Amino acid sequence: MFLYIDPGTGSMLFSILIGVVSTLFFFGRKIFLNIKFIFSGGKAEKINNSKIPYVIFSDHKRYWNVFKPICDEFEKNGVDISYWTASPDDPALSEKYEHVKAEFIGEGNKAFARLNMMNAGIVLSTTPGLDVYQWKRSRNVDWYAHIVHMATDITTYRMLGLDFYDAVLVSGPYQLQQVKALETRRNLPSKEVKVVGCTYMDSLKQKLDSSKRITGSDRKTVLVAPSWGSSGILAKYGEKIIDALIATGYKIIVRPHPQSFTSEKEMLESLMERYPETEAIKWNRDNDNFNVLNEADILITDFSGIILDYSLVFNKPVIFADTTFDPTPYDAAWISEPLWIFQNLDKIGIKLNEADFGNMKAIIDCAIDSKILQSGREEVKEECWANIGSSAKTVFDYLTAKHEELNEKKLKNNNINTHEGEEQ
């Protein structure tokens with residue numbers, strides 16, 4: 001008989017094991033440093049040469065679009081940085097950098113074990129949940145910074161997603177306000193919050209500006225790109241909305257959220273089996289969504305972050321399905337006001353109710369031709385997308401300035417400890 005351990009218990013046991021191993025590791029390291037200090041005549045080292053100055057951690061290859069502009073900036077400035085990824089096929093691993101060292105550190109618990117005992121100055125990541133589940137703060141990391149991978153509400157992270165980071169780098173002013181609101185509601189220590197912009201949206205815009213624009217035709221292309229979970233449009237409307245879209249006669253492209261293929265696999269496989277690819281409908285799983293966004297004349301979604309990528313970068317209209325968002329699992333449950341994205345959707349798109357499915361073609365045509373929506377997109381852009389075209393440089397400047405600040409503080413503390421030792 002095999003012993004079964006449920007995922008929750010397995011996660012807890014792994015955390016306990018890593019905690020024990022980490023404690024022994026750091027205890028042993030402390031003894032070693034104390035012995036080294038004694039044999040060096042009590043002279044404090046100015047710099048720990050084994051400490052990696054900068055580390056980027058990516059838990060999935062899909063976040064390369066966030067990190068590539070930052071890596072490019074480090075490369076351009078000749079500053080060394082390590083890129084640790086939990087994806088064996090991360091595009092970073094095939095890049096030819098001189099100053100960016102990309103390394104696959106394993107998947108799942110193997111990656112977390114490496115992270116939990118890392119020795120680094122600053123760690124930058126898009127991964128929420130630091131010090132909540134398997135990923136624990138290492139005692140040898142000076143500063144943990146989270147960078148958002150979307151321009152929509154930061155409160156749509158799962159509960160406690162950002163609580164234990166030292167800093168959060170946000171895309172626009174309204175996200176800063178949300179971080180501070182969560183700190184107030186939960187009596188959290190104040191984090192540094194820096195408005196840096198959105199690196200991947202900058203890259204999208206740069207790519208769009210230098211690429212061939214795909215112009216519309218009589219047969220328009222409609223992109224359906226929902227969020228995952230029970231509030232997503234595929235989970236809620238499924239066959240009803242797909243049938244209504246096919247009836248328009250337009251080309252339909254369905255791009256499920258990557259997490260859907262894991263968390264709602266049965267539902268998705270059922271829809272893909274019922275609607276195999278034809279001239280009328282295509283299913284898209286490209287890692288890079290640029291081509292499909294560029295091709296589409298209009299986007300239909302719910303509260304997915306792609307709604308801002310599409311409307312603000314590609315300057316095209318959206319239709320957002322009427323879905324009921326349940327904030328319970330998210331940080332949004334702590335905020336009394338509606339999500340920012342829900343307060344601004346009607347400025348960039350048209351709301352679609354289930355009762356309107358029979359009038360789908362007319363609604364699509366109206367949204368594409370609307371001048372009011374075009375004006376609304378400019379208004380929304382100001383709130384959620386700062387430093388357009390220079391976000392990567394802003395991130396680089398923040399990280400390097402913070403690294404210098406932390407080093408100066410350590411040198412000052414070392415000098416104080418040295419003087420105290422000499423006086424004794």
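Since we're looking at a predicted model, the values are computed, not measured. The numbering scheme is per chain: residues are counted from 1 as the chain's sequence reads. The model is predicted, so local features are restricted to residues of pLDDT at least 70 and side-chain atom pairs to those at 80 or more, both for listing and for counting; the totals for chains, interfaces and linings are taken over all residues. Calculated side-chain values reflect all of the structure's heavy atoms, with hydrogen atoms and water omitted.

A. Representation of the pattern of salt bridges within the structure. Basic side-chain nitrogens of Lys or Arg form a salt bridge, by our definition, when they fall within 4 Å of a carboxyl oxygen of Asp or Glu. Taken as a whole and judged by the stated rule, the model has 23 salt bridges. Residue Lys381 is joined to Glu378 by a salt bridge in which the shortest nitrogen-to-oxygen separation is 3.6 Å. With a gap of three residues between them, Lys381 and Glu378 both fall in helix α14 (residues 371-384), about one helical turn apart. Take Lys381: its relative accessible area is 17%, and that puts it in the buried class. Judged by relative accessible area, which is 42%, Glu378 ranks as partly exposed. Going along the chain from the N terminus, every DSSP run of H or I of four or more residues is numbered as a helix, and every run of E of two or more is numbered as a strand. Whether a residue is buried, partly exposed or exposed follows from its accessible area with a 1.4 Å probe, protein chains only, as a fraction of its type maximum: under 20%, in between, or over 50%, in that order.

B. Region of the structure containing the side chain of Ser391. On the secondary structure map, Ser391 appears in helix α15 (residues 391-423). We classify Ser391 as buried; its relative accessible area is 1%. We call two residues contacting when some pair of their heavy atoms lies within 4.5 Å. Not counting chain neighbours up to four residues away, the residues in contact with Ser391 comprise Val196, Gly197, Cys198, Thr199 and Asp202.

C. Inspection of the confidence of the model for the protein at higher detail. Think of pLDDT as the predictor's per-residue confidence, scored from 0 to 100. Averaged over all residues, the pLDDT of the protein is 87; the fraction at 70 or higher stands at 85%. Here residues 21-27 is a poorly scored stretch, pLDDT under 50, and it has ten contacts once near neighbours within four places are set aside; other chains count.

D. Local environment of the packing of helix α11 (residues 306-313) against α14. Where α11 contacts α14, the two axes come as close as 10 Å, and the packing angle between them is 120°. Comparing the axis directions of α11 and α14 gives the class oblique. Considering only the axes of α11 and α14, their crossing is left-handed. Residues Leu308, Ser311 and Leu312 of α11 touch α14, and the partners they reach there are Arg377, Val380, Lys381 and Cys384. Ten residues, namely Ala, Val, Leu, Ile, Met, Phe, Trp, Tyr, Cys and Pro, are considered nonpolar, four, namely Asp, Glu, Lys and Arg, are considered charged, and the remaining ones, Gly among them, are considered polar. The residue makeup of the contact of α11 with α14, split by class, is four nonpolar, one polar and two charged. Helix axes are fitted only over the stretch in contact, all axes being lines through C-alpha atoms; the angle between N-to-C directions runs from 0 to 180 degrees. Each angle gets one of four labels, with under 35 degrees taken as roughly parallel, over 145 as roughly antiparallel, 65 to 115 as roughly perpendicular, and the rest as oblique. With the far helix as reference, a near helix turned anticlockwise by less than a right angle produces a left-handed crossing, and one turned clockwise produces a right-handed crossing.

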